[in-house]
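# Topology and contacts: notes
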Amino acid sequence: MEILKQRIVLAIKRSNKTQATIARELRTTNQNIYNWKTTGEIRHERLLPFAQATGVTTDWLLGCDIADLYINMTNREAD
């Protein structure tokens, strides 16, 4: 969940939207967004709308993005 927590924070930052704006778009509360950021826990039915609102993919949010796999493989080869 640590990766999800970090990526939720980063997605919000990269979106150039406020937490309150995203909360309004998702019809949720600012407190819910805050909880997602601090716990890394987000209900599965909220994941895709959150990704869309922030301009990222669900794969990226969950740490399963192909670019991440490539970077990890490249780093291992350098060791």
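As the structure is a prediction and not an experimental result, all values here were calculated from the model. (Residues numbered from 1 in each chain as written. Predicted model: local features only at pLDDT ≥ 70, side-chain atom pairs only at ≥ 80, totals over all residues. Heavy atoms only, no water.)

### Considering the overall build of the protein chain
As a reminder, the rule being used: Helix and strand definitions follow DSSP, with helices as H or I runs of at least four residues and strands as E runs of at least two, each counted in order from the N terminus. Whether two residues are in contact is decided by their heavy atoms: any pair within 4.5 Å suffices. Using a 1.4 Å probe, the Shrake-Rupley method yields the accessible areas, and only the shown protein chains count as cover for residues.
On a plain count of helices and strands, the protein chain comes out with six helices and zero strands. What you see in the protein chain, going N to C, is helices and strands ordered as α-α-α-α-α-α. Here the analysis covers contacts within the protein chain between residues at least 6 apart in sequence; of these, 55% occur between residues at least 24 apart. Summed over all atoms, the accessible surface of the protein chain reaches about 5500 Å², with 53% contributed by carbon and sulfur.

### Some details on the packing of helix α1 (residues 2-15) against helix α4 (residues 44-54)
Defined as follows: Between N-to-C directions, angles cover 0 to 180 degrees, with each direction set by a line fitted to C-alpha atoms, over the stretch in contact for helices. Amino acids are sorted into nonpolar (Ala, Val, Leu, Ile, Met, Phe, Trp, Tyr, Cys and Pro), charged (Asp, Glu, Lys and Arg) and polar (every other residue, Gly among them).
Relative orientation of the contacting elements α1 and α4 amounts to 35°, with a least axis distance of 9 Å. Contacts between α1 and α4 involve L4, I8, A11, I12 and S15 from the former and L47, F50 and T54 from the latter. Broken down by class, the residue content of the contact of α1 with α4 amounts to six nonpolar, two polar and no charged.

### Description of the side chain of T28
What counts here: What qualifies as a polar contact is a pair of N or O atoms within 3.5 Å, subject to a donor-acceptor requirement within protein and to the restriction that residues adjacent in sequence count only when both atoms come from side chains.
As for its position among the elements, T28 is in the loop between α2 (19-25) and α3 (30-39). One polar contact links T28 to N32, side chain to side chain, over a distance of 2.6 Å. Aside from chain neighbours lying at most four places away, what touches T28 is A23, I33, W36 and R46.

### Observations concerning the environment of A53
Looking at where A53 falls in the secondary structure, it is placed in helix α4. Residues A53 and I12, 41 residues apart in the sequence, show an inter-C-alpha distance of 8.9 Å. Dropping the residues within four chain positions of it, A53 is found in contact with K17, I22, E25 and L26.

### Notes on the nonpolar core
As a reminder of what qualifies: We call a set of buried residues a nonpolar core when its members are Ala, Val, Leu, Ile, Met, Phe, Trp, Tyr or Cys and they connect through side-chain atoms within 4.5 Å of each other. Only protein chains enter the calculation, and the probe is 1.4 Å; a residue is then buried if its accessible area is under 20% of its type maximum, exposed if over 50%, and partly exposed in between.
If you look at the biggest cluster of nonpolar residues, it comprises 17 residues, and the most contacted ones within it are I8, F50 and L61. Counting residues per element, the ones that place at least two in this core are α1, α2, α3, α4 and α5 (58-62). Once residues within four sequence positions are removed from consideration, F50 is found in contact with I8, A11, I12, I22, L26, W36, I42 and L61.

### Quick notes on α1
Think of an α-helix as turning once every 3.6 residues; residues three or four places apart then point the same way. Convention followed: One less than the number of residues in a helix, times 1.5 Å, gives the span that helix is expected to have. Think of it as the arc spanned by the lines of direction from the helix axis to the C-beta atoms.
Over its 14 residues, α1 extends 20 Å from the first C-alpha to the last, a length consistent with the 20 Å expected when each residue adds 1.5 Å. Within α1, burial applies to L4, R7, I8, A11, I12 and S15. Angularly, the buried residues of α1 cover 135° about the axis, an arc narrow enough to put them on a single face. Along α1, the residues that are exposed and aim more than 90 degrees away from the buried face are K13 and R14.

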